[in-house]
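What follows is each chain in one-letter form.
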Amino acid sequence: MNKPLIDIKNLNTGYGSQKALDNVNITVESNDFIGVIGPNGGGKTTLIKAILGLIPVWSGEIVSNLEAAKIGYLPQFNPIDKEFPITVKEVILSGLAGKKGLFNRYSILDKKRANELMEQAGIAKLKHKNIGHLSGGQMQRSLLCRALINQPELLILDEPSTFVDNQFEMELFEWLKELNKEIAIIMVSHDLGTISSHVKTIACVNQHLHYHKSNKITPEQLAHYDCPIQIITHGTVPHQVLATHKH
Amino acid sequence: MEFFSGLFEYTFINHAFLASLFSSIICGILGTYIVSKRMVFISGGITHASFGGIGMAFYLGLHPFAGAVVFALSSALGIEWISKKGNIRNDSSIGILWSLGMAIGIIFVYITPGFTPNLMSYLFGSILTVSNSELWVMGLLTLIVIGFFWAFYRPILYFAFDENFAKSQKAPVNLINYSLIILIALGIVINIKVAGIILVMSMLTLPQNTANLFSNNFKHIIFYSIAISFVGTMAGLAGSFWLGIPSGASIIFTLALIFFVSKIVKIFIDKNNRTASLL
């Protein structure tokens, strides 16, 4: 059997003295498609940041069998500075920042790959546009291209469908399905209804992590996992909204 | 024309010309980074903290810029370290550093026996008294800044845009950040001579914001800033001659004037484009 891509054992971490994740265990295998759900402030983004090495681990360990820079990352949309003087093409090429280090030049091949990705994402025309001129969907497309340019083996997306149009959301899930044939995907969402039909497994994060090895999950199971999120079924109006559960 | 060729016969005018050129290049490049990365307040903190070093150097009988370098570097590295830790409010710690630096400077200047240095020249600059050795240092720093940005242009731009993403790719973000904050500290100290403590901030922000009105491209903003900065400095100097006002204040006033005129021009251009697109 292949080694797992990421193996998290008894992970404890947080910010300052505030614990955000308590004794978390999860294994990410190749071809996994894990949906990470949980309440706001429950530690979803913290888990992502720990995997990416952006915050220190308090105790436990994160064993990675991936080469450095082989994790593609699409961060949350809001903290990105939309007034920063940078073009779409430059944003996408910046996905190679880790591979290139300080001294390697960006080759014609790199630029070709960036062009291909932009074609695929339907943003080729925006190549030289400043990011300040993009819509939410165009921005997310650019950031997704940035995450993919270094041909990652694991793709991590933090709330990819905020600020985007429905069309992009559909295209995104199609694209991810295609990508998932080759690479593993972890996708954070606060909206279980949107992702459950696309992911293979679900991780409920609310300081603790409960790994649910199916994409079907019932409100009772969520309650059992102490994972109080709102379930919104999309489709016919009126939306069915279940109350949040607590033990 | 004879007036200008006559001017260049004076060494101090030559010095002022070169000093303006060097300082336009240093500030044009570093300022574009500072403005893009929203570090203007951080730079203000470093600038004012360095006054503490100037005062202390007077007291100890050292060259004032040696003191300024020490204070600017330690405050720059301190701010970078604090913002990396992220557990103290960043803007508050900058505010503390800002006022503490000024206080230390004033105290030491006051207790230095029998000597009152020309404080005004450190607050508002004295481009006309730049010495030969200071010019050499400025020239050297100009070359270092150009070389650094030329060699590491992409990493600098990419890391400044999204530091966390770059870190997720295991890119050497801290190395670039620390190198840049050191260059910024040195750039600020050098420019205290030209623009002065109070006004060095304008050299790092006004030309860049003027350039940003007409371009959203990082590289173009750098080049436009250098040009605007140099033209503004020269015009400001000329103004200070004719009107008999202090050079530092005159330069910054000119740069601000260029900014406001450009802003008005830009508003009209935008308005015209809007009407054109409606027709």
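Numbering of residues starts from 1 in every chain and runs along the sequence as written. Chain letters and ligand numbers both follow the written order, the letters beginning at A and the numbers at 1. The predicted origin of the model limits local features to residues at a pLDDT of at least 70 and limits the giving and counting of side-chain atom pairs to 80 or more, whereas totals for whole chains, interfaces and linings rest on all residues. With hydrogens and water stripped out, all remaining heavy atoms of the structure feed into the side-chain values.

*Asks:* When you look at empty space enclosed by the protein in this model, what are you seeing that I'm missing?
*Replies:* Where empty space is left becomes clear once a probe the size of a water molecule has been rolled over the atoms. Residues and elements named next belong to chain A. Grid spacing is 1 Å over the protein atoms alone, the probe is 1.4 Å, and a cavity is where that probe fits but cannot get out, while a pocket is an open set with protein on both sides within 12 Å along at least five of seven lines and lining residues have an atom within 4 Å of a point. Grid points are joined across faces, edges and corners, and a volume is the space filled by probe spheres set on the points. Counted according to the given criterion, the structure contains two cavities of 30 Å³ or more. Considering only enclosed or pocket space, the second largest cavity measures out at about 30 Å³ in volume. Lining the second largest cavity are Ile-26, Ile-34, Val-36, Leu-47, Ile-51 and Ile-186. If you list the elements that add at least two residues to the lining of the second largest cavity, you get β3 (33-37) and α1 (44-51). Looking at the lining of the second largest cavity residue by residue, the classes come out as six nonpolar, no polar and no charged. Segments assigned H or I by DSSP are reported as helices when at least four residues long, segments assigned E as strands when at least two residues long, and all are numbered from the N terminus. In the scheme used here, Gly and all other residues not listed as nonpolar or charged are polar, with Ala, Val, Leu, Ile, Met, Phe, Trp, Tyr, Cys and Pro taken as nonpolar and Asp, Glu, Lys and Arg as charged.

*Asks:* Teacher, can you tell me more about the packing of helix α2 (residues 11-36) of chain B against helix α11 (residues 200-214) of chain B here?
*Replies:* Packed helix pairs are specified by the crossing angle of their axes together with the interaxial distance, meaning the distance between the axes. Residue and element names in this part refer to chain B. Closest axis-to-axis distance for the α2/α11 pair is 8 Å, and the angle between their directions is 75 degrees. In terms of orientation, α2 lies roughly perpendicular with respect to α11. For the pair α2 and α11, contact is made by Ser-23, Cys-27, Gly-28, Gly-31, Thr-32, Ile-34 and Val-35 and by Met-203, Leu-204, Thr-205, Gln-208 and Asn-209, respectively. Among the residues forming the contact of α2 with α11, the class breakdown is five nonpolar, seven polar and no charged. Helix axes use the C-alpha atoms of the stretch in contact, all axes being lines fitted to C-alpha atoms, and the angles between their N-to-C directions lie in the range 0 to 180 degrees. When describing relative orientation, an angle under 35 degrees is termed roughly parallel and one over 145 degrees roughly antiparallel, while 65 to 115 degrees is termed roughly perpendicular and anything else oblique. Contacts are assigned to residue pairs that have any heavy atoms within 4.5 Å of one another.

*Asks:* What am I meant to see in α1 of chain A here?
*Replies:* Because an α-helix packs 3.6 residues into every turn, residues spaced three or four apart end up facing the same way. Here the term buried applies to any residue with accessible area under 20% of the maximum for its type, exposed to any over 50%, and partly exposed to those in between, with areas from a 1.4 Å probe on protein chains only. Of all the eight residues making up α1 of chain A, six are buried; the element is thus mostly covered by neighbouring parts of the structure. The complete set of buried residues in α1 of chain A reads Lys-44, Thr-46, Leu-47, Ile-48, Ala-50 and Ile-51 of chain A.

*Asks:* Please clarify how the environment of Leu-102 of chain A should be interpreted in this entry.
*Replies:* Looking at the secondary structure, you find Leu-102 of chain A in the loop between α3 (97-100) and α4 (108-121). Residue class for Leu-102 of chain A comes out buried when judged on its relative accessible area of 14%. Each residue touching Leu-102 of chain A, except ones within four places of it in the same chain, is listed here: Ala-151, Phe-152, Pro-155, Phe-159, Pro-172, Leu-175 and Ile-176 of chain B.

*Asks:* Mind showing me how you'd approach the interface of chain A and chain B here?
*Replies:* For interface size, the figure often reported is the accessible area lost on association. Residue-level contacts link 34 residues of chain A with 29 residues of chain B. Of the roughly 2,700 Å² buried at the junction of chain A and chain B (both faces included), carbon and sulfur atoms supply 63%. We define a salt bridge as a contact between a side-chain nitrogen of Lys or Arg and a carboxyl oxygen of Asp or Glu at a distance within 4 Å. Along the contact surface separating chain A from chain B lie three salt bridges. With its nearest N and O atoms 2.8 Å apart, the salt bridge here joins Asp-81 of chain A to Arg-38 of chain B. Within 3.5 Å is the distance limit for a polar contact, defined as a pair of N or O atoms, with the added protein rule that one can donate a hydrogen and the other accept it, and that residues adjacent in sequence qualify only through two side-chain atoms. Along the contact surface separating chain A from chain B lie five residue pairs in polar contact (both at pLDDT 80 or more). Buried area, as used here, totals the accessible surface that two parts lose on assembly, with accessibility defined by a 1.4 Å probe and the loss added over both.

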